[in-house]
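# Analysis of the macromolecular model
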Amino acid sequence: MTTQQLLQRLEDRYREATPKSAALHARAKRVMPGGETRSSTYFRPYPLVIDRASGTELVDVDGNRLLDFMNNATTLIHGHRFAPVEEAVRDQVAKGTAWGALNEHQIVLAEILCSRVASVDRIRFANSGTEATMMALRAARAATGKSHFVKVEGGYHGTHDAVSVSVSPGVRGAGSEQRPRSKPEGAGIPDHAREAMHVVPFNNEQALAETVANHRDSIAAVIVEPLLGSHGYTTATGSYLEAVRRITEEHGVLLVLDEVQTFRLDHGGAQALYGIRPDLTAFAKIIGGGFPVGAFGGRADLMDRYDPDAKESIGHGGTFNGNPVTMAAGAAAMEHLTADRIAYINELGDRLRTGMGEVLVEQGLQGRIVGRGSLVGIHMTDRQIRTYRDASSAPAEVQRFIFLACLNRGLMMSTGGCLNTTTAMTRETVDEAIGIFQEALIEAYPFIESGYPQLLR
């Protein structure tokens, strides 16, 4: 059979199992562009519609049960319907859901985060990771009087204009691997956003040093993720983030660390693992306990610019900033995310990486299973994964085939092959996911053999 026939057969099985999702997606398309309101959850032929969830399990509207290793893009670190979070939310809803004033849960959650993260003296809440990075970068501009930034190619920091550059730029028009060009991420990004963002390859100290040295008079900050969350958790080397911190300090440039996904890796975030102290940090995901959230924090002198009584205060409104339900849920989630629980989910992540890597070898296929701690990424390529271009060398149709093959067998991960572990999981949960991955690779072998023989060992 041809690759197209094999893929069609896979899609047909998906359609047969999910007719209600198909019908609801068709209905959604009449009122929402593409029938979705979140680009990252869309996939062909149509996305699933989920009805309910509990613990490690999702149930779609057709009654199909799925093992959830996506957990709303790492958000649900305790799995679905975690009892302490549910209790905190019920208690707060009974008292009211929103008001235009401070609530005590804000203070509790802020105290938790400031006590855990050594670099964070002060913190403010928002409603998403996008808002968190946007306001952190605004603080950097205000503090330095400069307006340009540096980001790595493949780094995702939300969808505001300043960072919507070279997230998934492809190769055409993106420049060389060593000197990538700043490329808008789709239509609607103004030229000034592209011109104000300098792009460098990940894990390349020399390229960063040269860029910062050449443009130090205009660069306010470097923003970077410890792992590239949108590209299979491509991981910073041990020395890279240390070099980023050293280079920025040498040239009087601020460092903004995007810990939206990586805060889960250690009690003090990935910055504690790597032994660095950024000037500002962006948070989201797990700190909201499953509700919409964002936060940004850092040095007191930088964050105090948001004090309304400051001489040149930066305004920061937001109707749902510090919403009491979100804050109650977040505080409950964080209070139960102890150091031993983090060590446990990191151990599960190691088990998942090791098991999937062994399955690739057993099936005679080229691939890399990367990430760190509880974050795991699948890359169907023989390249070492150090940069965005390494990650993007995996054929997209192979990644898509494996995603659908896993989904048909009851394993939910991201379309790009990202998985994460939670405190609700056991070693048996992880082993079940490894078994499904093995079955998916067996099904994928003829597809790879027919169209992508370079991936055979």
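The preceding data block contains the structure.
A brief report on the enclosed structure follows.

Thresholds applied
Residues numbered from 1 in each chain as written. Predicted model: local features only at pLDDT ≥ 70, side-chain atom pairs only at ≥ 80, totals over all residues. Heavy atoms only, no water. Pairing = 2+ DSSP bridges. Helix = DSSP H or I, 4+ residues; strand = E, 2+ residues; numbered from the N terminus. Axes fitted to C-alpha atoms, helices over the stretch in contact; angles between N-to-C directions. Buried < 20%, exposed > 50% of the residue type's maximum accessible area, 1.4 Å probe, protein only. Arc of directions from axis to C-beta. Contact = heavy atoms within 4.5 Å. Polar contact = N/O pair within 3.5 Å; in protein donor to acceptor, adjacent residues only side chain to side chain.

Ordered in space as 13-14-16, the three strands form an open sheet in which the pairing is antiparallel. The sheet is open, and its two edges are formed by strand 13 (368-372) and strand 16 (418-420), each paired on a single side. Shown here is a sheet whose adjacent strand axes are inclined to one another by a mean of 25°, direction ignored. Examined bridge by bridge, strand 14 (residues 375-379) and strand 16 share three bridges and lie antiparallel to one another. Residue pairing for strand 16: leucine 375 is matched across the bridge by asparagine 420.

Our focus in this paragraph is the pairing of strand 14. Burial of strand 14 is extensive: five of the five residues sit out of reach of the surface. Of the two faces of strand 14, the one lined by Leu375, Gly377 and His379 and the one lined by Val376 and Ile378 are each fully buried. In this structure, strand 13 lies alongside strand 14, joined through five bridges in antiparallel fashion. Across the sheet, arginine 372 pairs through a bridge with leucine 375, a residue of strand 14. Linkage of strand 13 to strand 14, two consecutive antiparallel strands, is achieved through a turn of two residues, within which glycine 373 is found at a positive phi near 55°.

If you check which residues of helix 8 (residues 205-214) are buried, you get Ala207, Leu208, Thr211 and Val212. The arc that holds every buried residue of helix 8, seen down its axis, measures 120°, which confines them to one face. Residues Gln206 and Asn214 are exposed on helix 8 and point more than 90 degrees away from its buried face. For helix 8, the secondary structure elements touched by its buried residues are strand 5 (148-152), strand 6 (197-200), strand 7 (219-224) and helix 9 (240-250). The N-capping residue of helix 8, defined by a side-chain oxygen 3.3 Å from the backbone nitrogen of glutamine 206, is asparagine 204.

Time to look at the environment of methionine 413. In this structure, methionine 413 sits in the loop between strand 15 (411-412) and strand 16. Classification of methionine 413 by relative accessible area gives buried; the value is 2%. For the pair methionine 413 and asparagine 71, spaced 342 residues apart in sequence, the C-alpha to C-alpha distance is 8.3 Å. In contact with methionine 413, not counting residues within four places along its chain, are Met70, Ile378, Ile402, Phe403, Cys406, Cys418 and Leu419.

Our focus in this paragraph is unusual backbone geometry. Peptide bonds are trans in most cases, and residues, glycine excluded, mostly fall at negative phi. Arginine 44 connects to proline 45 through a cis peptide bond whose omega is 5°. For asparagine 72, which is not glycine, the phi dihedral falls at a positive 50°. Along the chain, the position of asparagine 72 falls in helix 3 (residues 71-74). If you check the backbone angles, serine 166 has positive phi at about 50° while not being a glycine. Counting through the fold element by element, serine 166 comes out in the loop between strand 5 and helix 7 (191-195). Under the relative-accessibility criterion, serine 166 is labelled buried at 0%.

Moving on: the sheet that holds strand 2 (residues 57-60). The strand order across the open sheet formed by four strands is 1-2-3-15, and the pairing between neighbours is mixed. A strand with exactly one partner marks an edge of an open sheet, and here the two such strands are strand 1 (50-54) and strand 15. Relative to strand 3 (residues 65-68), strand 2 runs antiparallel, the two being bridged by three bridges. Counterpart to glutamate 57 in the pairing with strand 3 is leucine 67.

Bear in mind that shape data such as this cannot, by itself, settle questions of function.
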